[in-house]
Amino acid sequence: MFGAGGGTSSYEEVGETDLILLWGSNARETHPIFFHHVLKGIRNGARLIVVDPRRTTSAQWADLWLGIDVGSDIALASTIAREIIANDLHNQAFIERATTGFGDYRESVDEWTLERGESVTGVPAKVIREVAHAYAKADRAQICWTLGITEHHNAVDNVLTLINLALVTGHVGRYGSGLNPLRGQNNVQGGGDMGAIPNKLPGFQDIEADPAAREKFERSWGVPIVPKYGWHLTAMFEAMEHGDLTALYVIGENPAVSEADAGRAQRLLAGLDCLIVQDILMTKTAEMADVVLPASASWAESEGTVTNSERRVQRVRKALDPPGNAQDDIWILAQLAGCLDFEWGEVTAESAWDELRSLSPMHAGMSYRRLDQLGGIQWPCWDEDHEGTGFLHARLWEEDPERQGPKAPFSVTPYEPPVDELTEDYPLRLTTGRRLSDFNTGVQTNRYSSPLRRGETIDVSPEDAERLGIGEGERVVVSSRRGSVRAPVHVDQGLRPGLVFMTLHFPDQVETNTLTIDATDPKSGTAEFKASAVRIDCLPETAEPRA
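Now for a look at the structure at hand. Note that this is a predicted model, so its numbers are computed, not measured.

The helix and strand tally for the protein chain stands at 21 helices and 21 strands. A globule of 547 residues ought to have a C-alpha radius of gyration of about 24 Å, and the protein chain, at 24 Å, matches this closely. Counting only residues that meet the buried cut, the protein chain has 52% of its 547 residues in that class. Put simply, 69% of the contacts in the protein chain that link residues at least 6 apart link residues at least 24 apart. Of the roughly 24,400 Å² that the protein chain leaves accessible, carbon and sulfur atoms contribute 51%. Across the protein chain, the mean location of the 51 positive side-chain charges is 4 Å away from that of the 81 negative side-chain charges.

An order of β12-β13-β14 is seen for the three strands of this open sheet, with the pairing classed as antiparallel. Two strands in the sheet have a free side with no partner beyond their single neighbour: β12 (304–307) and β14 (377–378).

Taken in spatial order, the five strands of this open sheet run β3-β2-β1-β5-β6, and their pairing is parallel. Whereas interior strands pair on both sides, the edge strands pair on one side only; in this sheet they are β3 (64–66) and β6 (178–181). The sheet shows a mean angle of 15 degrees between the axes of neighbouring strands, taken without regard to direction. As paired elements, strand β5 (residues 141–145) and β6 share four bridges and run parallel to each other. Bridge pairing in β6 places glutamine 142 opposite glycine 178.

Restricting attention to buried positions, one finds in helix α13 (residues 233–242) the residues Thr234, Ala235, Phe237, Ala239 and Met240. Considering only its buried residues, α13 is in contact with β9 (247–251), α14 (255–258) and α15 (262–270). Count one or two residues on from α13 and you reach glycine 243, which has phi positive near 80 degrees.

Moving on: helix α3 (residues 32–43). With 12 residues, α3 extends 16 Å between its outermost C-alpha atoms, agreeing within 8% with the 16 Å of an ideal straight helix rising 1.5 Å per residue. Considered for burial, the residues of α3 that qualify are Phe34, Phe35, Val38, Leu39 and Gly41. Viewed along the axis of α3, the buried residues span an arc of 155 degrees, placing them on a single side of the element. Pointing more than 90 degrees away from the buried face of α3 are the exposed residues Ile33, His36 and Arg43.

Attention now goes to a nonpolar patch on the surface. A cluster of nonpolar residues, Trp221, Val223, Ile251, Leu333, Leu336, Leu340, Phe342 and Trp344, forms a patch on the protein surface that exposes about 740 Å² of accessible area. One can find isoleucine 251 in strand β9.

Below, the discussion takes up the pairing of β5. Summarising burial for β5: five of the five residues are buried, a large majority. Burial along β5 is two-sided: the residues Ala141, Ile143 and Trp145 and Gln142 and Cys144 are all buried.

Secondary-structure assignment places serine 309 in the loop between β12 and β13 (312–316). Owing to a relative accessible area of 9%, serine 309 belongs among the buried residues under this scheme. In this structure the side chain of serine 309 is engaged in a polar contact, spanning 2.9 Å, whose partner is the backbone nitrogen of arginine 183. Those residues in contact with serine 309 that lie beyond four places of it in its chain are Gly7, Tyr11, Pro181, Leu182 and Arg183.

When you tally the buried positions in strand β21 (residues 532–537), you get six out of six residues, the bulk of the element. Residues Ser532, Val534 and Ile536 of β21 are buried on one face, and the alternating residues Ala533, Arg535 and Asp537, pointing to the opposite face, are buried as well. With three bridges joining them, strand β18 (residues 475–479) and β21 adopt antiparallel strand pairing. Residue pairing for β21: serine 479 is matched across the bridge by arginine 535.

Glancing now at the environment of lysine 284. Its location among the elements puts lysine 284 in helix α16 (residues 284–287). By relative accessible area, which is 33% here, lysine 284 ends up partly exposed. Between the C-alpha atoms of lysine 284 and tryptophan 61, which are 223 residues apart in sequence, the distance is 38 Å. With residues up to four places along the chain from it excluded, the contact list for lysine 284 reads Asn254, Ala256, Val257, Gln266 and Glu511.

Cut-offs applied
- Residues numbered from 1 in each chain as written.
- Predicted model: local features only at pLDDT ≥ 70, side-chain atom pairs only at ≥ 80, totals over all residues.
- Heavy atoms only, no water.
- Helix = DSSP H or I, 4+ residues; strand = E, 2+ residues; numbered from the N terminus.
- Rg over C-alpha atoms; globule rule 2.2 N^0.38 Å.
- Buried < 20%, exposed > 50% of the residue type's maximum accessible area, 1.4 Å probe, protein only.
- Contact = heavy atoms within 4.5 Å.
- Areas by Shrake-Rupley, 256 points an atom, 1.4 Å probe, with all protein chains shown as cover.
- Lys, Arg positive; Asp, Glu negative; His and termini not counted.
- Charge placed at Lys NZ, Arg CZ, Asp CG, Glu CD.
- Pairing = 2+ DSSP bridges.
- Axes fitted to C-alpha atoms, helices over the stretch in contact; angles between N-to-C directions.
- Expected span 1.5 Å × (residues − 1).
- Arc of directions from axis to C-beta.
- Patch = residues over 30% accessible without salt bridge, like charges linked within 9 Å, V, L, I, M, F, W, Y side chains within 5 Å.
- Salt bridge = Lys/Arg side-chain N within 4 Å of Asp/Glu carboxyl O.
- Polar contact = N/O pair within 3.5 Å; in protein donor to acceptor, adjacent residues only side chain to side chain.

Here it is, written out as structure tokens:
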């Protein structure tokens, strides 16, 4: 929406802001290093407000916790926006100077009274009002979010509605005020920056809309670039289903377990003509592969760079040689290129990076020497005299239209409830997430013991446990419209009645993604991991789970 696909602020600003709105993120457990900056902000007097269906360990640090009903984020943000506008708390000068589409946006949120917001979100009207006034009146404010916002069938609209809040108050483009998506895994930001998305070349240069960029890459690479967007991950699985995608090369991913509706994902992967997996461990996806290429652990066995959620590019240095027949990822790719009659010569991490710098203007000034010297640099960094950019979009505050550049558009974001409807047969809302002790599908963490680990459970509220007649540790059957799993019960005081929680960390114990729905956002392709409808059945151990 602002012309660059990265968070607008630095971590330092989170420690020096006045209000932190943590929305759909349990950063205390899922981004613990970042949460240290949140704690610094709290110690410096910042107010923390957490929006999350669960009373998480992050929410326990908050001044206010908004226990929102799953999937009603747009309704809540629209109600906050209407309250701000109705009370003349919006930044009219910023709106007129730096934005477009405010009239249509204001009209779209006008129906979201405090009363309606309460009825849809489950958050009391007085609490919504308090948040609206606190955010609008804060001198500096940060909105930070993660997968609790993006793993929905309307993921992009969820993000856009948070951007709308920043635009209506002017909380963007200034030190201490901004919008920050916290990346779900190490170097997710760097992957997008390097072009590992289907519509952009490295440096967020558009494949279809930027012919000058295409020409530049074609000259460097010596091959034509087709001006057509590719498939994102969800579209790839759809193409497998239709027979349009028959070969897949998977690098450092475990889609057999990590995809929603895992039964469907595994069936489609098994039906491929050719599946190649390049990874450091024998994942479930690798077990299905025709060819497995043993790779290096990039954090310890490779040279290179990594980019974090504040857009800081940092050097990674090799400490160990890969074991056995494992090889560096770049070496593997270069050898494969040679087999396909593309002679790349000897490719090193630094030579690949220097090629990237020659083609991506926002990385141009980041030589290895400067990255070492400065301890990392935040993009954009236009040349070797530039020190990087701590926060983005200060241009929006410029009076001169030429210096200001493109205005930021408001977005109309209609509310839609979760796709998987709650019914008498499936009355509980399952949301998924992570815990501090483990990571994703458990491939890297389950091989090690942890005093924090308790294995997979179906977490339920005390009220639901009593109503269902189940207790701590009791094994039950959890069923959705897609399948069933067995799991032990954990009674969680942080859950409200009607809400249950599971992780993806222990697929060998409980394959949680058997339950999740693959309803996807048409703009991003993200599946709705956060909002499945399930039931819990108390069955004898000898009984078979119902499909």
